[in-house]
Amino acid sequence: MNLTLKVWKQKNSATQGSFETYQVKNISSEMSFLEMFDVLNEQLIEEDKDPIAFDHDCREGICGMCSMYIDGRPHGPWSQNTTCQLHMRAYKDGDTIVVEPWRANAFPVLKDLIVDRQAFDRIIQAGGYISVNTGNAQDANNLPIEKAKADEAFASAACIGCGACVAACKNSSAMLFTSAKVTQLSLLPQGEPERKSRVLDMITQMDKEGFGACTNTGACEAVCPKGISISNIARLNKEYIRAGLIV
Amino acid sequence: MTWKQLFISSVGKKVVMGLTGISLVAFLLVHAGLNACIWANDDGQMFNKAAHFMGSTVITRTLEIGLFIGIILHIVQGYMLAATNKAKRSIGYNVQLGNRGSKWYSRSMALLGSLILIFLAIHLSDFFIPSRITHAGLETPKFYDGDTTAYHDMYRLMINRFQDNILAVIIYIVGCIALAYHLFHGFQSAFRSLGVHNKKYNQLLTSLGYGYTVVVILAFIMMPLSIFFGWIS
Ligand code: HEM
Ligand code: SF4
Ligand code: FES
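Residues numbered from 1 in each chain as written. Chains lettered and ligands numbered in written order. Predicted model: local features only at pLDDT ≥ 70, side-chain atom pairs only at ≥ 80, totals over all residues. Heavy atoms only, no water.

We now examine the overall build of chain A. Scanning chain A from N- to C-terminus turns up eight helices and seven strands. Each principal axis of the C-alpha distribution contributes one length, and for chain A these read about 65 × 35 × 35 Å. Relative to its 247 residues, chain A shows a buried fraction of 55%. Long-range pairs, those at least 24 residues apart, make up 68% of the contacts in chain A with a sequence separation of at least 6. When the accessible surface of chain A is summed, it comes to about 11,000 Å², and 48% of that surface belongs to carbon and sulfur atoms. (Helix = DSSP H or I, 4+ residues; strand = E, 2+ residues; numbered from the N terminus. Buried < 20%, exposed > 50% of the residue type's maximum accessible area, 1.4 Å probe, protein only. Contact = heavy atoms within 4.5 Å. Areas by Shrake-Rupley, 256 points an atom, 1.4 Å probe, with all protein chains shown as cover.)

Printed below as a string of structure tokens:
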């Protein structure tokens, strides 16, 4: 199929960008969206033009690097899917596709479609961990965990830190991401010792990074490639209230 | 959470919104219930006595002060949230996600709130200000059989406001519709902000929110309509 692409081009974070229009030809419906970009970039290199910079790593939907805002939706038209797992059979000959970077002041554009998502790392560093001595892992059966809780913690742990939630949110809020980590650790005994300081510190860091507050619109949940539920956000709110007002 | 964080952190601010929002929801139910006394069709006796009661006990007057503090907090905090949230994305998208991820009214809480605020100003100057401050239109007290108390004839004030005044009726209906959409989202959202995370309860609260809103808002809309069409007089 032949397609028209309108892609955001921006030299670096200090300059202003604009949309460039490209034509790609003979795209197979079996290619992934990123492979289509590879074809385009080969073509641009041969024409001695600047290829489009985009993030990617695993290309199997688990690393969360492939941030692209495609036709108004993070990670494109398929639900619970990453850009790397989006395939060209989603499109038909003659389509025009608009590709933009994540837009949030906390995620500055570095080049073209690549944004700096280190703000997420700093939120995790603020409390998204457990402090344990290293050494031999203890026997797993020493810490019995109710099945329902283990499942719920696992569902929250599925977050890949891609940032689609921030990109979709009208407030550029990082609450879905932050709440997934808080929920996971608050459900497990290993998370118990740092339970209060974790939620307080992570929210302080989240606010400091310049993410917005949550209006509970649900846009994050709708675009999350891992189906993280906004119930995590309500649980974070409870953890936050518990951590100070209630002893 | 410290008291300071309650007002400056993103999560704390939402706790304030949720608490004040739910208080307003509770007030609205009482307000609708009392106003429904106009349908007794008894020359306003039941309604005027109920209004008199609300204005004359220490408890209700104290609650009234609480209500004013609550609504001011809600308005100030609401606009602050709306402004700071908007400032977090300086460069917008070319193509919007729009309704694919969320309901339009959940993204329009500040706009709906502004419509409510305009309506509230009109509403207070119609009834609250005459009742408590200027007494305009309430010069003649109302007496009922077997009772020496002189009542403010709020009932008459209300009838006069909507009788033959289609514009006032329309303003009230628009205000009520804005409030309905504010609550379609706000009712369940407030509980989420306060930490209700169990999906079973969230579903229940969403349904309860729709039910509450439809009943209360329809009751309010029927009041000016009943007067305008002369169903009560
Ligand atoms: C008077 C003008 C009003 C303004 C300017 C206003 C503004 C707002 C805004 C901006 C929000 C969303 C905050 C956010 O999550 O970003 C909100 C939420 C809410 N409002 Fe209002 N509002 C007003 C009146 C009311 C009234 C009269 C009620 C109830 C009867 C009400 C009930 C709620 C509820 C329940 C929420 C949800 C709170 C939450 O998400 O935690 N509001 N309001
Ligand atoms: S919550 Fe979902 S959308 Fe947000 S960072 Fe995690 S995986 Fe991505
Ligand atoms: S490249 Fe790793 S999730 Fe898409």
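From this point, things continue past the structure.
Residue and element names in this part refer to chain A. Looking at ligand 2, the residues that line it are Phe120, Cys159, Ile160, Gly161, Cys162, Gly163, Ala164, Cys165, Leu176, Cys224, Pro225 and Ile228. Mapping ligand 2 onto the cavity grids shows that it belongs to the second largest cavity. Of the residues assigned to the shell around ligand 2, the class counts are 10 nonpolar, two polar and no charged. (Near = heavy atom within 4 Å. 1 Å grid on protein atoms, 1.4 Å probe; cavity = no way out; pocket = protein on both sides within 12 Å on 5 of 7 lines; lining within 4 Å. Sits in = over half its atoms within 2 Å of the grid points. Nonpolar A, V, L, I, M, F, W, Y, C, P; charged D, E, K, R; others polar.)

Every one of the 24 residues lining ligand 1 counts as a neighbour, but B:Lys14, B:His74, B:His182, B:Ser189 and B:Ser193 are closest to it. Nearby residues around ligand 1 are contributed by chains A and B. A distance of 2.7 Å separates an oxygen atom of ligand 1 from a polar atom in the side chain of B:Lys14. Contact distances for ligand 1 include 2.5 Å between an oxygen atom and a side-chain N or O atom of B:Ser189. Only helix 2 (10-35), helix 4 (58-86), helix 5 (109-134) and helix 7 (166-193) of chain B provide two or more residues apiece to the shell around ligand 1. In terms of residue class, the shell around ligand 1 is built from 13 nonpolar, 10 polar and one charged. (Polar contact = N/O pair within 3.5 Å; in protein donor to acceptor, adjacent residues only side chain to side chain.)

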